[in-house]
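Each chain is listed here by its residues.
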Amino acid sequence: MKWNLRWAAANRGIWRPSELMPVFEEVGFTPSLSKVSALWSGTPVTVRLEDLDLICAALDCTVGDLLVAEPVARRTPAVQGEELAKAAGELPRPVPRRPGGAGRPRSLPPN
């Protein structure tokens, strides 16, 4: 998903995050300036649905204007099959190594 807050704001003539604050307050959305700056400058990992609804109301846009679907990079079939086998536990597990090397006696600790 591509976060398009700047584009939606630009369609309303808003060019800075500080200009969003009064627009958000008109609809009862009162985030801190740091939260608005974070929403403005990057793609949020999560957005509360209530906040998303208020942002859309403030900018007179739809969720589709704020969140634009981007094509997902396809994986090759070999990689998918390997991941499925790994998830099912079908791939051989590595043999744990013994401390001190294979077949060699351990040295004695210093006195």
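What counts, and where the lines are drawn
- Residues numbered from 1 in each chain as written.
- Predicted model: local features only at pLDDT ≥ 70, side-chain atom pairs only at ≥ 80, totals over all residues.
- Heavy atoms only, no water.
- Helix = DSSP H or I, 4+ residues; strand = E, 2+ residues; numbered from the N terminus.
- Buried < 20%, exposed > 50% of the residue type's maximum accessible area, 1.4 Å probe, protein only.
- Contact = heavy atoms within 4.5 Å.
- Areas by Shrake-Rupley, 256 points an atom, 1.4 Å probe, with all protein chains shown as cover.
- Axes fitted to C-alpha atoms, helices over the stretch in contact; angles between N-to-C directions.
- Left-handed = near helix turned anticlockwise from the far one by under 90°.
- Salt bridge = Lys/Arg side-chain N within 4 Å of Asp/Glu carboxyl O.

1. A word on the overall build of the protein
Here is step 1 of the chain: When helices and strands are tallied, the protein shows six helices and two strands.
Here is step 2 of the chain: When the elements of the protein are put in sequence order from the N terminus, they spell out β-α-α-α-α-α-β-α.
Here is step 3 of the chain: When the 111 residues of the protein are sorted by exposure, 24% land in the buried category.
Here is step 4 of the chain: Residue pairs at least 24 apart in sequence account for 59% of intrachain contacts in the protein once pairs closer than 6 positions are excluded.
Here is step 5 of the chain: For the protein, the computed accessible surface area is about 8900 Å², with 56% contributed by carbon and sulfur atoms.

2. Quick notes on the packing of helix α2 (residues 17-26) against helix α3 (residues 33-41)
Here is step 1 of the chain: Between α2 and α3, the shortest axis-to-axis distance is 9 Å and the interhelical angle comes to 115 degrees. In this structure, α2 meets α3 at a crossing whose hand is right-handed. Listed contacts from α3 to P17, S18, L20, M21 and F24 of α2 are L33, V36, S37 and W40.

3. Here's the deal with the pattern of salt bridges
Here is step 1 of the chain: With the rule as written, the count across this model stands at two salt bridges.
Here is step 2 of the chain: The partner of D51 in a salt bridge is K35, with the nearest N and O atoms 3.0 Å apart. Placement of D51 in helix α4 (residues 49-59) and of K35 in helix α3 is noted, with a sequence separation of 16 residues between them.
Here is step 3 of the chain: Ionic pairing is found between E50 and R48, a salt bridge with its closest N-O pair at 3.3 Å.

4. Points about α4
Here is step 1 of the chain: Along α4, the positions that sit buried rather than exposed are D51, L52, L54, I55, C56, A58 and L59.
Here is step 2 of the chain: For α4, the elements touching its buried residues are β1 (2-3), α1 (5-10), α2, α3, α5 (63-66) and β2 (67-68).
Here is step 3 of the chain: With its phi angle positive at about 50 degrees, D60 sits one or two positions after the end of α4.

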